[in-house]
Amino acid sequence: NKHLKDTDPEVFDIIEQEKRRQRESIVLIPSESVMRKPAINHSKSSSTVAAESLCQQRALEAFDLDKSKWGVNVQSLSGAPANLYVYNAILKPHGRLMGLDLPHGGHLSHGYQTDTKKISAVSEYFETMPYRLNEKTGIIDYDALEATAKLFRPKLVIAGASAYPRNYDYARMKKITDKINAYLMADIAHISGMISAGVLPSPFEFADIVTTTTHKSLRGPRGAMIFYRKGVRKVDNKGKEILYDLETPINQSVFPGHQGGPHNHTITALTVALKQAKSPIFKEYQQQVVKNSLAFAEAFKKRGYDLVSGGTDTHLILMDLRSKGLDGARVERILELANIAANKNTVPGDKSAFVPGGLRVGTPAMTTRGFKESDFEQVAEFIHQGVQITNDICKKVSGTKLKDFKEYIGEDGSSEPVINEL
Ligand code: PLP
C-alpha cells in the first residue's frame, strides 16, 4: 500500500476512505460480509493455474453433495449473470419463468417489469410472471403461486429472494413444479453461508438447480456458483418420461455461451473460502448471525415496530415503517448521517416505489466484527432514535414531502425509486 500511495495517491485515498467507512460504521446491509484474510490474499494473487477442480470438489463438500448426482460450475462472474446463464441453458428465447416479485422481496435477476416498462433485461428476453406474498401475513402465498403456475405453465420456477426474512418451503415449491413439469431453481445468494453451516434448511433435496453468489454470507470473493443435478427426470410433450442432462447445457451456457476465459484468481480465492466454510469457526459464526438476527427482531418488536412476516428466520429483518407515518428513504438517510448503513426497501402494499415503506437490516457484517445479541439490542435503540429524529424533522418541515425533507437536511431534493438491488 505504501507503493500505491506513491504511484496512485487518488486510488490510495479511496481505499483508505473505504477502510475507515468499514471501521467506523455500523453496517447492517444484509448482503455485506467480510472476506477472511487467506481468501483476500488469493483474490489479489496473479494465479493463472486455476484450482478449478479442487474448487468444484470443495463446493460440493460445502453442501454435502454426492458428486455422482451433482455437478457445479464455478466460473460465473457474479450472481445476476449466473442466473441468466441458467435461463439460457434451459429456456428458449421468450421461454417462461416465475420468480418472487421484486417489490415483495425478489431479485431483479429473476425478472421485473412494471405495468409500463420491462425493468430487468431478463423480462425482455424471457416471459416472466411474478408470484407474491400474502400481504396480511408477509409469507409467500404458495396457493396463489400454484394457481398462477398452472395457468402460466412456466418451464422454470425460482425460489429465492433478497428481502424475504423467512425460510422458503422448498418441499411445497417442488410439489408445485412437479405438477406442471417445470424445473425448480433455488437462488440462495444471501443465505448460502448459513445453509452450508446447517443453520438454515437446504434446498438441495428438492431443487434441480441451485445458484449462489460467493461474496455474501459465504464470505468468499465476488463471484457465483451454479449447482445442477446431473440428470433430471421430466415428462416430454408427448407424455414420455425422459432423463434430461443439465451438465452440458449449463457448462456450455457459461462458456462459450456468455463468458470468455475464467477468472482464475477469483476461483483460487473461492477455493480457500470454501475450505474455511468447513471449519467450526465458520459454523459458529453463521449460528451467531441468526441468533443476533432473532434478538435484533425482538428488540424492534419491543419498541413497537411492525416487521414484515412478524419476525425472521434468517439474517435479515424487514421493518415496515408505514404505521409510524414514515418511509424507509428518510430513515435510511438519517441513519447514514449517524454512520449506520441500512437499506430503504419496498414492503408489500406500497403504493409507490418512490416512497418505499420499509427498512432492510441484517446481521452478517457486524457479527464478523464480534457483535452479540446485546450489541444488536443497542443498535436497535440507535435505529429507534434515528426514527424519532426523522419523525421530528418531518413535523418541522412543511408537509412531509421527500423534497422538503431533503432540503431541510441539506440535500438537493432529488429522489429515485427504490429497486432492491442487493
Ligand atoms: N440473487 C439474489 C437473491 C441476490 O440477492 C443477488 C444480490 O445481489 C443476486 C442474485 C445478484 O448477485 P450479483 O450482485 O453478484 O450479480
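Because the structure is a prediction, the values reported are computed rather than measured.

Enquirer: Sorry, what's going on with the overall build of the protein here?
Expert: Within the protein one finds 16 helices and 15 strands. With the C-alpha coordinates of the protein rotated into their principal frame, the extents come out at 70 × 55 × 35 Å. The 422 residues of the protein split such that 47% are buried. In the protein, of all internal contacts separated by at least 6 residues, the share reaching a separation of at least 24 is 71%.

Enquirer: How do you make sense of the site of the ligand when you look at a structure like this?
Expert: What surrounds the ligand is a group of 14 residues, the closest being Ser78, Gly79, Ala80, Ser162 and Ala189. The residue inventory of the shell around the ligand, partitioned by class, reads four nonpolar, nine polar and one charged.

Enquirer: Honestly, unusual backbone geometry in this entry has me stumped. Any pointers?
Expert: Most peptide bonds adopt trans geometry, and most residues besides glycine take a negative phi value. The peptide bond linking Phe255 to Pro256 adopts the cis configuration, its omega dihedral lying at 10°. Unlike most non-glycine residues, Asp64 shows phi in positive territory, near 50°. On the secondary structure map, Asp64 appears in the loop between α4 (52-62) and β2 (70-73). Even without glycine at this site, Arg219 takes up a positive phi of about 60°. Mapped onto the elements of the fold, Arg219 is located in the loop between β7 (209-213) and β8 (224-229). When the 23 C-beta atoms within 10 Å are taken as the criterion, Arg219 is described as buried.

Enquirer: Even after reading the chapter, I still don't get the packing of α4 against helix α11 (residues 264-276), so can you show me in this structure?
Expert: The packing of two helices is summarised by the inter-axis angle and the distance between the axes. For the pair α4 and α11, interaxial distance at closest approach is 9 Å and the crossing angle is 35°. Seen along the crossing, α4 lies across α11 with a hand that is left-handed. Facing α4, whose interface residues are Glu52, Leu54, Cys55, Arg58, Ala59 and Ala62, α11 presents Ile267, Leu270, Thr271, Leu274 and Lys275.

Enquirer: Whenever I open this one, the environment of Tyr228 confuses me. Can you help?
Expert: Structurally, Tyr228 can be placed in strand β8. Here Tyr228 is in contact with Gly71, Ile209, Leu246, Glu247 and Ile250, once residues within four sequence places are set aside.

Enquirer: Just to check I follow, could you spell out the sheet that holds strand β4 (residues 127-131) for this structure?
Expert: In a beta sheet, neighbouring strands pair by backbone hydrogen bonds and run either parallel or antiparallel. One open sheet holds the seven strands; their spatial order is β2-β8-β7-β6-β5-β3-β4, and the pairing between them is mixed. Each end of this open sheet is capped by a strand with a single partner; those strands are β2 and β4. Strand-to-strand twist in this sheet, taken as the mean axis angle between neighbours without regard to direction, amounts to 20°. Pairing analysis gives three bridges linking strand β6 (residues 183-187) to β7, with the strands arranged parallel. Note that in β7 the partner of Ala186 across the bridge is Val210. Relative to the sheet, helix α5 (residues 79-90) contacts β3 (96-100), β5 (156-160), β6, β7 and β8, its axis offset from that of β7 by approximately 160°. Sheet contacts for helix α10 (residues 247-258): β2 and β8; angle to β2, the most-contacted strand, approximately 5°.

Enquirer: I'm lost on the nonpolar core in this one. Help?
Expert: The nonpolar side chains of soluble globular proteins are, as a tendency, buried together. Counting residues in each nonpolar core, the largest one holds 104 residues, and the members touching the most others are Val86, Ile209 and Ile226. Apart from the residues within four sequence positions on either side, Ile209 is in contact with Val86, Tyr183, Met185, Ile226, Phe227, Tyr228 and Leu246.

Enquirer: In this structure, what is going on with the sheet that holds strand β11 (residues 306-307)? I would like to understand it.
Expert: Read across the sheet, four strands follow the order β11-β12-β15-β14 without closing on themselves; strand pairing throughout is antiparallel. Each end of this open sheet is capped by a strand with a single partner; those strands are β11 and β14 (343-345). For strand β12 (residues 316-320) and strand β15 (residues 358-362), the ladder comprises five bridges, and the chain directions are antiparallel. In the strand pairing of β15, Leu316 is matched with Gly362. Along the sheet, helix α12 (residues 280-302) makes contact with β11 and β12, crossing β12 at roughly 15°.

Enquirer: So what exactly am I meant to see when it comes to the environment of Cys394 here?
Expert: If you trace the backbone, Cys394 turns up in helix α15 (residues 373-396). Judged by the 18 C-beta atoms lying within 10 Å of it, Cys394 is partly exposed. Put simply, Cys394 and Val157 are 237 residues apart on the chain and 42 Å apart in space, counted from C-alpha to C-alpha.

Enquirer: So what exactly am I meant to see when it comes to helix α8 (residues 170-180) here?
Expert: Helical geometry note: an α-helix holds 3.6 residues per turn, so side chains three or four residues apart project in the same direction. All of the buried residues along α8 are Met173, Ile176 and Thr177. Buried residues along α8 cover an arc of 95° about the axis, so they all sit on one side. Exposed residues lying more than 90 degrees from the buried face of α8 are Ala171 and Lys179. Taken together, the buried residues of α8 touch α7 (142-152), β5 and β6. Positioned one or two residues after α8, Asn181 has a phi angle of 60°, which is positive.

Enquirer: What am I meant to see in the environment of Arg172 here?
Expert: The residue Arg172 is located in helix α8 in this model. For the pair formed by Arg172 and Lys117, sequence separation is 55 residues and the distance between their alpha carbons is 31 Å.

Enquirer: Explanation requested: helix α2 (residues 9-24) in the structure shown.
Expert: The first and last C-alpha atoms of α2 sit 22 Å apart over 16 residues, in line with the 22 Å expected at 1.5 Å per residue. Within α2, only zero of the 16 residues are buried, leaving the element largely exposed.

Enquirer: What am I meant to see in the packing of α5 against α10 here?
Expert: As a packed pair, α5 and α10 sit with axes 8 Å apart at the nearest point and diverge in direction by 115°. As the angle between them shows, α5 and α10 are arranged roughly perpendicular. Two packed elements cross with a definite hand, and for α5 against α10 that hand is right-handed. Residues Pro81, Tyr85, Val86, Asn88, Ala89 and Ile90 of α5 pack against Pro249, Ile250, Ser253, Val254, Gly257 and His258 of α10. Among the residues forming the contact of α5 with α10, the class breakdown is eight nonpolar, four polar and no charged.

About the cut-offs
- Residues numbered from 1 in each chain as written.
- Predicted model: local features only at pLDDT ≥ 70, side-chain atom pairs only at ≥ 80, totals over all residues.
- Helix = DSSP H or I, 4+ residues; strand = E, 2+ residues; numbered from the N terminus.
- Buried ≥ 20, exposed ≤ 12 C-beta atoms within 10 Å, placed from the backbone.
- Contact = placed C-beta atoms within 7 Å.
- Near = placed C-beta within 6 Å.
- Nonpolar A, V, L, I, M, F, W, Y, C, P; charged D, E, K, R; others polar.
- Axes fitted to C-alpha atoms, helices over the stretch in contact; angles between N-to-C directions.
- Left-handed = near helix turned anticlockwise from the far one by under 90°.
- Pairing = 2+ DSSP bridges.
- Core = buried A, V, L, I, M, F, W, Y, C linked by C-beta atoms within 7 Å.
- Arc of directions from axis to C-beta.
- Expected span 1.5 Å × (residues − 1).
- Parallel < 35°, antiparallel > 145°, perpendicular 65-115°, else oblique.

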